[in-house]
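Take a look at the letters that make up each chain.
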Amino acid sequence: MERQEGIQKLSDGFLKRYQALDFDQHKSSIMEIRQNQMVLCEALQHENSKFEQSDVLHSIELMMARTKLYHNKLVAVKKNMMEIHERTSKLKKRAIKLQQQKQKERLMAEQRREREAELERQLIAKPAKKNSSKDAA
């Protein structure tokens, strides 16, 4: 029996000690801490999404800057192409004009040669034709 009484006293002492701690108060504190932890987690997720969005915005800004750079390069290339086109058009016109001038010069030289040849033919002494009336007299 003493043993039984000892067990009973130990059990009562154990229960008194831990019943005095008020588990309900600790439970509510733990629930409050857990709720605060969930609020912090949500806030961190929200901040992370802001950072992700800022990274996306940064990459979009980089892409827009690159697009502007390539657009400027394209405009410069188009301008160069137009200048080259204008110069080639002028060169073609000049080449045609020079061809026409050379052709005209060749034609004039040919005409001059023909005139000189005709003049030569006219200047060459021609043998006199014998008149048959002189022979009859």
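Just so you know, these numbers come straight off a predicted model, no measurement behind them.

Let us now look at the overall build of the protein chain. Scanning the protein chain from terminus to terminus reveals three helices and zero strands. Mapped in sequence order, the helices and strands of the protein chain form the string α-α-α. In the protein chain, which comprises 137 residues, the share counted as buried stands at 1%. Of the roughly 14300 Å² of accessible surface on the protein chain, 58% is carried by carbon and sulfur atoms.

Counted by the stated rule, this structure contains four salt bridges. Between Arg112 and Glu116 there is a salt bridge, and its shortest N-O distance comes to 3.8 Å. In this pair, Arg112 and Glu116 both sit in helix α2 (residues 23–123), four residues apart, roughly one turn of the helix. On the basis of relative accessibility, which here comes to 45%, the residue Glu116 falls in the partly exposed class.

Together, Val56, Leu57, Ile60 and Met64 make up a nonpolar patch on the protein surface, roughly 380 Å² of accessible area in all. By the secondary structure assignment, Met64 is in helix α2. For Met64, a relative accessible area of 55% puts it in the exposed group.

Of all residues in the protein chain, 88% have pLDDT values of 70 or greater, and the mean over the chain is 86. No element of the protein chain has a lower mean pLDDT than helix α3 (residues 132–136), which averages 55, and none a higher one than α2, which averages 91.

Criteria and thresholds
Residues numbered from 1 in each chain as written. Predicted model: local features only at pLDDT ≥ 70, side-chain atom pairs only at ≥ 80, totals over all residues. Heavy atoms only, no water. Helix = DSSP H or I, 4+ residues; strand = E, 2+ residues; numbered from the N terminus. Buried < 20%, exposed > 50% of the residue type's maximum accessible area, 1.4 Å probe, protein only. Areas by Shrake-Rupley, 256 points an atom, 1.4 Å probe, with all protein chains shown as cover. Salt bridge = Lys/Arg side-chain N within 4 Å of Asp/Glu carboxyl O. Patch = residues over 30% accessible without salt bridge, like charges linked within 9 Å, V, L, I, M, F, W, Y side chains within 5 Å. pLDDT = per-residue confidence, 0-100.

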